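Structure assessment
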Amino acid sequence: MTITRKVRRVLMTADAVGGVWDYCLDLVRGLAKLGVRVTLAVMGDLSAERRAEAESIVGLELHHGDFKLEWMDGGTADVGRAGEWLLDLESVVRPDLIHLNNYAHGCLPWKAPCLVVAHSCVLSWWLAVKGRMAPKQWLGYAELVKRGLLGADAVAAPTRHMLRTIHSLYGRSAPAIVIRNGCDPALFSPGRKQPLVLGAGRVWDEAKNVTSLDKAASNLAWPVRIAGEWRHPCGTSCKPANAEYLGFLPRAALAGHMAKASIYCLPARYEPFGLTVLEAAMSGCALVLGDIGSLRELWNGAALFVDPDEPRELRNALTLLMIRKGLRTRLAREARARALAMSVERMALRYAAVYNLMVGDGLGVIDLEHASSSEIEPDDQGPDDSGQGPLALAQGA
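Before going into details, it helps to say that this report is about the structure given with it. Since the model is a prediction, treat every value here as computed from it, not as a measurement. Throughout this description, residue numbers start from 1 for each chain and increase along the sequence as written. Predicted model: local features are reported for residues with pLDDT of at least 70 only, side-chain atom pairs are reported and counted for 80 or more only, and whole-chain, interface and lining totals are derived from all residues. Side-chain figures throughout are based on the complete set of non-hydrogen atoms in the structure, without hydrogens or water.

**Quick notes on the pairing of strand 3 (residues 61-65)**
The test is simple: Here, any two strands with at least 2 DSSP bridges between them count as paired. Numbering of helices and strands runs from the N terminus, with a helix taken as a DSSP run of H or I at least four residues long and a strand as a DSSP run of E at least two residues long. With its strands directed away from the observer, a crossover is right-handed exactly when the path from the first strand over the helix to the second travels clockwise.
As paired elements, strand 2 (residues 37-43) and strand 3 share five bridges and run parallel to each other. Note on strand 3: the bridge partner recorded for L40 is L62. Assessed by its sense of winding, the connection that carries the chain from strand 2 through helix 2 (residues 48-55) to strand 3 is right-handed.

Below is the structure:
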(Lines give C-alpha, C1' and ligand atoms only; values in the text may rest on other atoms or scores of the structure.)
Protein backbone atom coordinates (compact mmCIF):
# COMPACT_ATOMS: atom_id res chain seq x y z
CA MET A 1 0.00 0.00 0.00
CA THR A 2 1.38 3.39 -0.96
CA ILE A 3 0.15 6.42 0.91
CA THR A 4 0.86 10.02 0.08
CA ARG A 5 0.86 11.35 3.63
CA LYS A 6 -0.90 14.58 4.30
CA VAL A 7 -2.11 13.95 7.84
CA ARG A 8 0.84 14.49 10.14
CA ARG A 9 -0.84 15.32 13.44
CA VAL A 10 -4.04 13.86 14.91
CA LEU A 11 -5.91 14.96 18.02
CA MET A 12 -7.43 11.77 19.44
CA THR A 13 -9.71 11.30 22.47
CA ALA A 14 -9.52 8.28 24.77
CA ASP A 15 -10.62 6.91 28.11
CA ALA A 16 -8.83 4.40 30.30
CA VAL A 17 -11.86 2.36 31.45
CA GLY A 18 -11.85 -0.55 29.00
CA GLY A 19 -10.51 -1.89 25.74
CA VAL A 20 -10.57 1.53 24.05
CA TRP A 21 -7.39 2.35 25.97
CA ASP A 22 -5.43 -0.57 24.49
CA TYR A 23 -6.92 0.13 21.06
CA CYS A 24 -5.76 3.76 21.24
CA LEU A 25 -2.21 2.99 22.32
CA ASP A 26 -1.88 0.27 19.68
CA LEU A 27 -3.13 2.66 17.03
CA VAL A 28 -0.82 5.46 18.22
CA ARG A 29 2.18 3.10 17.96
CA GLY A 30 1.11 1.98 14.48
CA LEU A 31 0.52 5.52 13.25
CA ALA A 32 3.90 6.65 14.58
CA LYS A 33 5.58 4.18 12.23
CA LEU A 34 3.73 5.88 9.36
CA GLY A 35 4.92 9.31 10.41
CA VAL A 36 1.61 10.35 12.00
CA ARG A 37 1.94 11.91 15.47
CA VAL A 38 -0.92 11.82 17.95
CA THR A 39 -1.98 14.18 20.70
CA LEU A 40 -4.01 11.98 23.06
CA ALA A 41 -6.71 13.72 25.11
CA VAL A 42 -7.71 11.35 27.92
CA MET A 43 -10.93 11.95 29.84
CA GLY A 44 -11.99 10.23 33.07
CA ASP A 45 -9.74 8.48 35.57
CA LEU A 46 -6.16 7.82 34.52
CA SER A 47 -4.02 5.64 36.77
CA ALA A 48 -0.31 6.28 37.24
CA GLU A 49 0.42 2.94 35.51
CA ARG A 50 -1.59 3.85 32.44
CA ARG A 51 -0.15 7.34 32.30
CA ALA A 52 3.34 5.86 32.39
CA GLU A 53 2.39 3.36 29.67
CA ALA A 54 1.22 6.16 27.38
CA GLU A 55 4.15 8.42 28.14
CA SER A 56 6.57 5.63 27.16
CA ILE A 57 5.41 5.89 23.54
CA VAL A 58 7.85 7.99 21.57
CA GLY A 59 6.20 11.00 19.98
CA LEU A 60 2.92 10.72 21.89
CA GLU A 61 1.71 13.95 23.49
CA LEU A 62 -0.58 13.21 26.43
CA HIS A 63 -3.19 15.48 27.99
CA HIS A 64 -5.56 14.49 30.77
CA GLY A 65 -8.87 16.14 31.58
CA ASP A 66 -10.67 15.16 34.79
CA PHE A 67 -14.12 14.96 33.20
CA LYS A 68 -16.71 12.24 33.65
CA LEU A 69 -17.30 10.17 30.54
CA GLU A 70 -20.52 10.81 28.64
CA TRP A 71 -22.10 7.49 29.72
CA MET A 72 -21.36 7.89 33.42
CA ASP A 73 -23.75 9.20 36.03
CA GLY A 74 -23.43 12.96 35.77
CA GLY A 75 -21.39 12.59 32.61
CA THR A 76 -23.67 14.64 30.38
CA ALA A 77 -23.08 17.64 32.65
CA ASP A 78 -19.34 17.41 31.97
CA VAL A 79 -19.65 17.20 28.18
CA GLY A 80 -19.71 20.99 27.73
CA ARG A 81 -16.63 21.61 29.89
CA ALA A 82 -14.78 18.78 28.17
CA GLY A 83 -15.73 20.23 24.79
CA GLU A 84 -14.22 23.62 25.67
CA TRP A 85 -11.05 21.84 26.80
CA LEU A 86 -10.85 19.89 23.53
CA LEU A 87 -11.37 22.98 21.38
CA ASP A 88 -8.62 24.76 23.32
CA LEU A 89 -6.35 21.79 22.62
CA GLU A 90 -7.17 21.97 18.92
CA SER A 91 -6.26 25.66 18.80
CA VAL A 92 -2.88 24.92 20.39
CA VAL A 93 -2.02 21.63 18.66
CA ARG A 94 -3.48 22.56 15.26
CA PRO A 95 -4.01 18.95 14.16
CA ASP A 96 -4.79 17.91 10.60
CA LEU A 97 -7.62 15.67 11.82
CA ILE A 98 -9.78 14.95 14.88
CA HIS A 99 -10.26 11.29 15.83
CA LEU A 100 -12.93 10.88 18.53
CA ASN A 101 -13.35 7.64 20.45
CA ASN A 102 -16.49 9.06 22.03
CA TYR A 103 -19.61 10.55 20.46
CA ALA A 104 -20.73 13.72 22.16
CA HIS A 105 -18.00 15.98 20.80
CA GLY A 106 -18.55 15.10 17.15
CA CYS A 107 -20.73 18.19 16.80
CA LEU A 108 -18.17 20.69 18.10
CA PRO A 109 -17.12 23.45 15.66
CA TRP A 110 -13.83 21.75 14.80
CA LYS A 111 -11.51 23.41 12.30
CA ALA A 112 -10.14 20.01 11.18
CA PRO A 113 -12.21 17.13 9.74
CA CYS A 114 -13.68 14.91 12.46
CA LEU A 115 -13.86 11.10 12.52
CA VAL A 116 -16.04 9.45 15.18
CA VAL A 117 -15.35 5.78 15.95
CA ALA A 118 -18.30 3.82 17.34
CA HIS A 119 -16.82 1.37 19.84
CA SER A 120 -20.02 0.80 21.85
CA CYS A 121 -22.99 2.72 23.20
CA VAL A 122 -25.44 2.51 26.07
CA LEU A 123 -28.55 2.06 23.92
CA SER A 124 -27.12 -0.91 22.02
CA TRP A 125 -25.87 -2.33 25.36
CA TRP A 126 -29.41 -2.22 26.74
CA LEU A 127 -30.92 -3.81 23.66
CA ALA A 128 -28.42 -6.66 23.67
CA VAL A 129 -28.18 -7.27 27.42
CA LYS A 130 -31.65 -6.38 28.67
CA GLY A 131 -33.63 -7.02 25.48
CA ARG A 132 -35.30 -3.61 25.50
CA MET A 133 -34.63 0.07 24.90
CA ALA A 134 -32.78 1.97 27.60
CA PRO A 135 -34.96 3.76 30.19
CA LYS A 136 -35.92 7.39 29.68
CA GLN A 137 -33.11 8.53 31.95
CA TRP A 138 -30.78 7.78 29.04
CA LEU A 139 -32.56 10.06 26.55
CA GLY A 140 -30.17 12.93 27.30
CA TYR A 141 -27.20 10.68 26.61
CA ALA A 142 -28.85 9.39 23.44
CA GLU A 143 -29.34 12.93 22.18
CA LEU A 144 -25.67 13.66 22.74
CA VAL A 145 -24.68 10.57 20.79
CA LYS A 146 -27.02 11.39 17.93
CA ARG A 147 -25.81 14.99 17.67
CA GLY A 148 -22.21 13.81 17.74
CA LEU A 149 -22.76 11.34 14.93
CA LEU A 150 -24.63 13.93 12.87
CA GLY A 151 -21.81 16.43 13.34
CA ALA A 152 -18.97 14.11 12.35
CA ASP A 153 -17.46 14.14 8.87
CA ALA A 154 -17.12 10.34 8.92
CA VAL A 155 -18.03 7.45 11.21
CA ALA A 156 -16.08 4.21 11.66
CA ALA A 157 -16.83 1.00 13.55
CA PRO A 158 -14.83 -2.20 14.10
CA THR A 159 -17.54 -4.47 12.68
CA ARG A 160 -20.39 -4.21 10.21
CA HIS A 161 -22.68 -5.42 12.94
CA MET A 162 -21.81 -2.45 15.17
CA LEU A 163 -22.14 0.01 12.32
CA ARG A 164 -25.59 -1.28 11.40
CA THR A 165 -26.63 -1.19 15.03
CA ILE A 166 -25.56 2.46 15.33
CA HIS A 167 -27.46 3.32 12.14
CA SER A 168 -30.58 1.53 13.35
CA LEU A 169 -30.52 3.40 16.68
CA TYR A 170 -29.49 6.90 15.64
CA GLY A 171 -30.10 7.04 11.89
CA ARG A 172 -27.62 7.52 9.08
CA SER A 173 -25.49 10.61 8.90
CA ALA A 174 -21.87 10.87 7.80
CA PRO A 175 -20.08 8.47 5.42
CA ALA A 176 -19.41 5.25 7.29
CA ILE A 177 -16.65 2.71 7.13
CA VAL A 178 -15.61 -0.52 8.86
CA ILE A 179 -12.04 -0.81 10.15
CA ARG A 180 -11.13 -3.84 12.22
CA ASN A 181 -9.20 -3.31 15.44
CA GLY A 182 -5.68 -4.73 15.49
CA CYS A 183 -3.41 -6.73 17.76
CA ASP A 184 0.38 -6.93 17.99
CA PRO A 185 1.59 -10.50 17.26
CA ALA A 186 4.87 -9.67 19.01
CA LEU A 187 2.96 -9.27 22.28
CA PHE A 188 0.44 -12.11 21.92
CA SER A 189 1.82 -15.45 20.73
CA PRO A 190 1.22 -19.13 21.60
CA GLY A 191 3.23 -20.72 24.41
CA ARG A 192 3.32 -24.20 25.85
CA LYS A 193 -0.37 -24.95 26.20
CA GLN A 194 -1.79 -26.25 29.46
CA PRO A 195 -5.18 -27.81 30.25
CA LEU A 196 -6.88 -24.66 31.48
CA VAL A 197 -9.64 -22.27 30.47
CA LEU A 198 -9.15 -18.51 30.57
CA GLY A 199 -11.73 -15.73 30.59
CA ALA A 200 -11.04 -11.99 30.67
CA GLY A 201 -13.21 -8.91 30.85
CA ARG A 202 -14.92 -6.54 33.25
CA VAL A 203 -16.41 -8.94 35.78
CA TRP A 204 -19.13 -6.46 36.76
CA ASP A 205 -20.34 -5.99 33.19
CA GLU A 206 -23.41 -8.09 32.31
CA ALA A 207 -22.44 -7.67 28.66
CA LYS A 208 -19.18 -9.59 29.09
CA ASN A 209 -21.12 -12.25 31.02
CA VAL A 210 -17.95 -13.45 32.73
CA THR A 211 -20.09 -14.58 35.68
CA SER A 212 -21.57 -17.37 33.52
CA LEU A 213 -18.08 -18.76 33.02
CA ASP A 214 -17.50 -18.49 36.76
CA LYS A 215 -20.69 -20.50 37.44
CA ALA A 216 -19.66 -23.16 34.93
CA ALA A 217 -16.21 -23.46 36.51
CA SER A 218 -17.43 -25.62 39.40
CA ASN A 219 -18.52 -28.40 37.02
CA LEU A 220 -15.57 -28.54 34.64
CA ALA A 221 -12.65 -30.97 34.56
CA TRP A 222 -10.10 -28.24 33.82
CA PRO A 223 -9.31 -25.26 36.02
CA VAL A 224 -10.78 -21.91 35.00
CA ARG A 225 -9.00 -18.59 35.48
CA ILE A 226 -10.66 -15.20 35.15
CA ALA A 227 -8.94 -11.84 34.77
CA GLY A 228 -10.58 -8.43 34.83
CA GLU A 229 -11.71 -5.48 36.87
CA TRP A 230 -14.29 -6.36 39.53
CA ARG A 231 -15.12 -2.83 40.70
CA HIS A 232 -17.61 -0.80 38.70
CA PRO A 233 -16.53 2.85 38.18
CA CYS A 234 -19.74 3.87 39.96
CA GLY A 235 -18.85 1.91 43.12
CA THR A 236 -20.56 -1.50 42.87
CA SER A 237 -18.51 -4.69 42.61
CA CYS A 238 -18.64 -8.37 41.63
CA LYS A 239 -15.98 -11.03 42.21
CA PRO A 240 -15.76 -14.59 40.79
CA ALA A 241 -16.61 -17.31 43.32
CA ASN A 242 -15.62 -20.57 41.61
CA ALA A 243 -12.86 -19.75 39.15
CA GLU A 244 -9.35 -18.74 40.13
CA TYR A 245 -9.56 -14.95 40.08
CA LEU A 246 -6.49 -13.20 38.72
CA GLY A 247 -7.69 -9.64 39.25
CA PHE A 248 -7.06 -6.87 36.76
CA LEU A 249 -3.87 -7.68 34.87
CA PRO A 250 -1.55 -5.43 32.89
CA ARG A 251 -1.61 -6.37 29.25
CA ALA A 252 1.78 -8.13 29.29
CA ALA A 253 0.69 -10.29 32.23
CA LEU A 254 -2.58 -11.17 30.49
CA ALA A 255 -0.59 -12.15 27.40
CA GLY A 256 1.35 -14.62 29.54
CA HIS A 257 -1.85 -16.31 30.72
CA MET A 258 -3.25 -16.40 27.18
CA ALA A 259 -0.07 -18.03 25.91
CA LYS A 260 -0.61 -20.92 28.34
CA ALA A 261 -4.40 -21.32 28.12
CA SER A 262 -5.75 -23.95 25.73
CA ILE A 263 -9.23 -22.42 25.68
CA TYR A 264 -10.42 -18.83 25.88
CA CYS A 265 -14.05 -18.27 26.78
CA LEU A 266 -16.14 -15.10 26.49
CA PRO A 267 -19.88 -15.93 26.55
CA ALA A 268 -20.71 -12.29 25.81
CA ARG A 269 -24.22 -10.90 25.41
CA TYR A 270 -22.81 -7.71 23.89
CA GLU A 271 -19.38 -7.11 22.42
CA PRO A 272 -19.01 -4.72 19.45
CA PHE A 273 -15.55 -6.12 18.64
CA GLY A 274 -13.88 -8.06 21.48
CA LEU A 275 -10.21 -7.12 21.65
CA THR A 276 -9.46 -9.84 24.22
CA VAL A 277 -10.90 -12.42 21.83
CA LEU A 278 -8.50 -11.23 19.14
CA GLU A 279 -5.60 -11.35 21.61
CA ALA A 280 -6.54 -14.88 22.71
CA ALA A 281 -6.84 -16.04 19.10
CA MET A 282 -3.43 -14.54 18.37
CA SER A 283 -2.16 -16.51 21.39
CA GLY A 284 -3.33 -19.80 19.92
CA CYS A 285 -6.37 -20.39 22.16
CA ALA A 286 -9.42 -22.31 20.98
CA LEU A 287 -12.40 -19.98 21.34
CA VAL A 288 -15.79 -20.43 23.01
CA LEU A 289 -17.86 -17.30 22.41
CA GLY A 290 -21.31 -15.89 22.92
CA ASP A 291 -23.44 -16.34 19.80
CA ILE A 292 -23.91 -12.67 18.89
CA GLY A 293 -23.71 -10.90 15.54
CA SER A 294 -20.34 -9.15 15.92
CA LEU A 295 -18.48 -12.25 17.14
CA ARG A 296 -20.10 -14.37 14.42
CA GLU A 297 -18.96 -11.81 11.84
CA LEU A 298 -15.35 -12.09 13.00
CA TRP A 299 -14.96 -15.71 14.11
CA ASN A 300 -17.55 -17.84 12.34
CA GLY A 301 -15.88 -21.16 11.46
CA ALA A 302 -13.04 -20.53 13.92
CA ALA A 303 -14.86 -20.85 17.27
CA LEU A 304 -17.65 -22.64 19.12
CA PHE A 305 -20.63 -20.40 19.81
CA VAL A 306 -23.05 -20.71 22.71
CA ASP A 307 -26.24 -19.03 23.83
CA PRO A 308 -24.97 -16.61 26.51
CA ASP A 309 -27.97 -17.41 28.71
CA GLU A 310 -27.75 -21.22 28.49
CA PRO A 311 -25.29 -22.46 31.17
CA ARG A 312 -25.59 -26.09 30.04
CA GLU A 313 -24.67 -25.13 26.48
CA LEU A 314 -21.59 -23.32 27.78
CA ARG A 315 -20.49 -26.30 29.91
CA ASN A 316 -21.04 -28.70 27.01
CA ALA A 317 -18.99 -26.60 24.59
CA LEU A 318 -16.10 -26.27 27.03
CA THR A 319 -16.20 -29.99 27.85
CA LEU A 320 -16.26 -30.86 24.15
CA LEU A 321 -13.07 -28.90 23.54
CA MET A 322 -11.42 -30.41 26.61
CA ILE A 323 -11.94 -34.01 25.46
CA ARG A 324 -11.51 -33.53 21.70
CA LYS A 325 -7.95 -32.40 21.17
CA GLY A 326 -8.22 -32.55 17.38
CA LEU A 327 -11.15 -30.14 17.29
CA ARG A 328 -9.46 -27.88 19.83
CA THR A 329 -6.26 -27.77 17.79
CA ARG A 330 -8.07 -27.13 14.52
CA LEU A 331 -10.14 -24.26 15.91
CA ALA A 332 -7.12 -22.70 17.61
CA ARG A 333 -5.14 -22.88 14.36
CA GLU A 334 -7.98 -21.33 12.36
CA ALA A 335 -8.53 -18.56 14.93
CA ARG A 336 -4.82 -17.67 14.98
CA ALA A 337 -4.67 -17.51 11.19
CA ARG A 338 -7.62 -15.15 11.19
CA ALA A 339 -6.13 -13.06 14.00
CA LEU A 340 -2.84 -12.62 12.16
CA ALA A 341 -4.76 -10.80 9.44
CA MET A 342 -5.85 -8.22 12.04
CA SER A 343 -2.48 -6.77 13.01
CA VAL A 344 -1.81 -3.32 14.44
CA GLU A 345 0.16 -2.48 11.31
CA ARG A 346 -2.82 -3.28 9.12
CA MET A 347 -5.19 -1.28 11.33
CA ALA A 348 -2.89 1.76 11.30
CA LEU A 349 -2.52 1.65 7.52
CA ARG A 350 -6.27 1.70 7.10
CA TYR A 351 -6.81 4.55 9.52
CA ALA A 352 -4.04 6.52 7.84
CA ALA A 353 -5.71 5.93 4.47
CA VAL A 354 -9.06 7.12 5.79
CA TYR A 355 -7.47 10.17 7.43
CA ASN A 356 -5.93 11.17 4.12
CA LEU A 357 -9.20 10.64 2.30
CA MET A 358 -10.89 12.89 4.81
CA VAL A 359 -8.46 15.76 4.27
CA GLY A 360 -8.99 15.56 0.57
CA ASP A 361 -6.46 13.23 -1.04
CA GLY A 362 -9.06 11.21 -2.84
CA LEU A 363 -8.84 7.65 -4.09
CA GLY A 364 -6.67 8.69 -7.01
CA VAL A 365 -3.77 9.52 -4.71
CA ILE A 366 -4.01 6.66 -2.24
CA ASP A 367 -3.28 3.17 -3.55
CA LEU A 368 -5.80 0.96 -1.79
CA GLU A 369 -4.52 -2.17 -3.46
CA HIS A 370 -4.86 -4.27 -0.34
CA ALA A 371 -7.72 -2.36 1.18
CA SER A 372 -10.53 -3.93 -0.79
CA SER A 373 -11.25 -6.52 1.90
CA SER A 374 -14.05 -6.17 4.41
CA GLU A 375 -11.70 -4.31 6.75
CA ILE A 376 -12.04 -1.00 4.93
CA GLU A 377 -15.09 -0.43 2.85
CA PRO A 378 -18.13 1.78 2.87
CA ASP A 379 -20.93 0.34 4.90
CA ASP A 380 -23.57 -1.43 2.85
CA GLN A 381 -27.16 -0.45 3.17
CA GLY A 382 -28.26 -0.84 6.76
CA PRO A 383 -31.74 -1.61 7.98
CA ASP A 384 -32.77 2.03 8.28
CA ASP A 385 -32.08 4.81 5.80
CA SER A 386 -34.73 7.11 7.11
CA GLY A 387 -32.56 8.89 9.65
CA GLN A 388 -35.29 8.17 12.19
CA GLY A 389 -34.18 5.28 14.38
CA PRO A 390 -35.86 3.93 17.52
CA LEU A 391 -34.42 6.87 19.47
CA ALA A 392 -36.51 9.30 17.46
CA LEU A 393 -39.54 7.06 17.88
CA ALA A 394 -39.03 6.85 21.63
CA GLN A 395 -38.77 10.61 21.93
CA GLY A 396 -41.89 11.11 19.89
CA ALA A 397 -43.85 8.65 22.02
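That was the structure; now back to the text.
**Describing the environment of V79**
The condition is simple: Burial status follows relative accessibility: with a 1.4 Å probe on protein chains alone, a residue under 20% of its type maximum counts as buried, one over 50% as exposed, and anything between as partly exposed.
Within the secondary structure layout, V79 lies in helix 3 (residues 75-93). Looking at V79, the relative accessible area reads 10%, which means it is buried.

**With respect to empty space enclosed by the protein**
The following threshold applies: Buried and open spaces are told apart on a 1 Å grid over the protein atoms alone, a cavity being a set of points where a 1.4 Å probe fits but cannot get out and a pocket being an open set with protein on both sides within 12 Å along at least five of seven lines. Residues with an atom within 4 Å of a point are the lining residues. Grid points are joined across faces, edges and corners, and a volume is the space filled by probe spheres set on the points. Throughout this entry, Asp, Glu, Lys and Arg are counted as charged residues, while Ala, Val, Leu, Ile, Met, Phe, Trp, Tyr, Cys and Pro are counted as nonpolar. The remaining residues, Gly among them, count as polar.
Across all of its chains, the model carries two cavities of 30 Å³ or more by this definition. Surrounding the largest cavity, L149, V155, I166, H167, G171 and S173 form its lining. The class makeup of the residues in the lining of the largest cavity is three nonpolar, three polar and no charged. Of the pockets and cavities examined, the second largest cavity occupies roughly 30 Å³. For the second largest cavity, the full set of lining residues is V28, A32, V36, R37, V38, V58, G59 and L60.

**Side note on the packing of helix 11 (residues 311-323) against helix 12 (residues 325-340)**
Helix-helix packing is described using two parameters, namely the angle between the two axes and the distance between the axes. The criterion, for reference: With axes taken as lines fitted to C-alpha atoms, and helix axes fitted only over the stretch in contact, angles between N-to-C directions fall between 0 and 180 degrees. Note on terminology: angles under 35 degrees are roughly parallel, angles over 145 are roughly antiparallel, angles of 65 to 115 are roughly perpendicular, and the others are oblique. Any two residues whose heavy atoms approach within 4.5 Å at even a single point are treated as in contact.
In contact at an axis separation of 5 Å, helix 11 and helix 12 are set at 100 degrees when each is read in the N-to-C sense. Compared by their axis directions, helix 11 and helix 12 come out roughly perpendicular. Residues L320, L321, M322 and I323 of helix 11 touch helix 12, and the partners they reach there are K325, L327, R328 and L331.

**Thoughts on the sheet that holds strand 5 (residues 114-117)**
Pairing is parallel in the open sheet, where seven strands are placed in the order 3-2-1-4-5-6-7. Every interior strand has two partners, whereas the edge strands, strand 3 and strand 7 (176-178), have only one. Direction aside, the axes of adjacent strands within the sheet are offset by 20 degrees on average. As paired elements, strand 1 (residues 9-15) and strand 4 (residues 97-100) share three bridges and run parallel to each other. Bridged to V10 within strand 4 is L97. The strands that helix 1 (residues 19-33) touches are strand 1, strand 2, strand 4 and strand 5; relative to strand 1, the one it contacts most, it runs at about 160 degrees.

**Focus on the pairing of strand 1**
Along a regular strand, successive side chains alternate from one face of the sheet to the other. Burial analysis of strand 1 places six of its seven residues in the buried class, which makes it a mostly covered element. The sheet contact formed by strand 1 and strand 2 spans seven bridges and is parallel. By the bridge assignment, A14 is partnered in strand 2 with V42. Crossover handedness for the path strand 1 to helix 1 to strand 2: right-handed.

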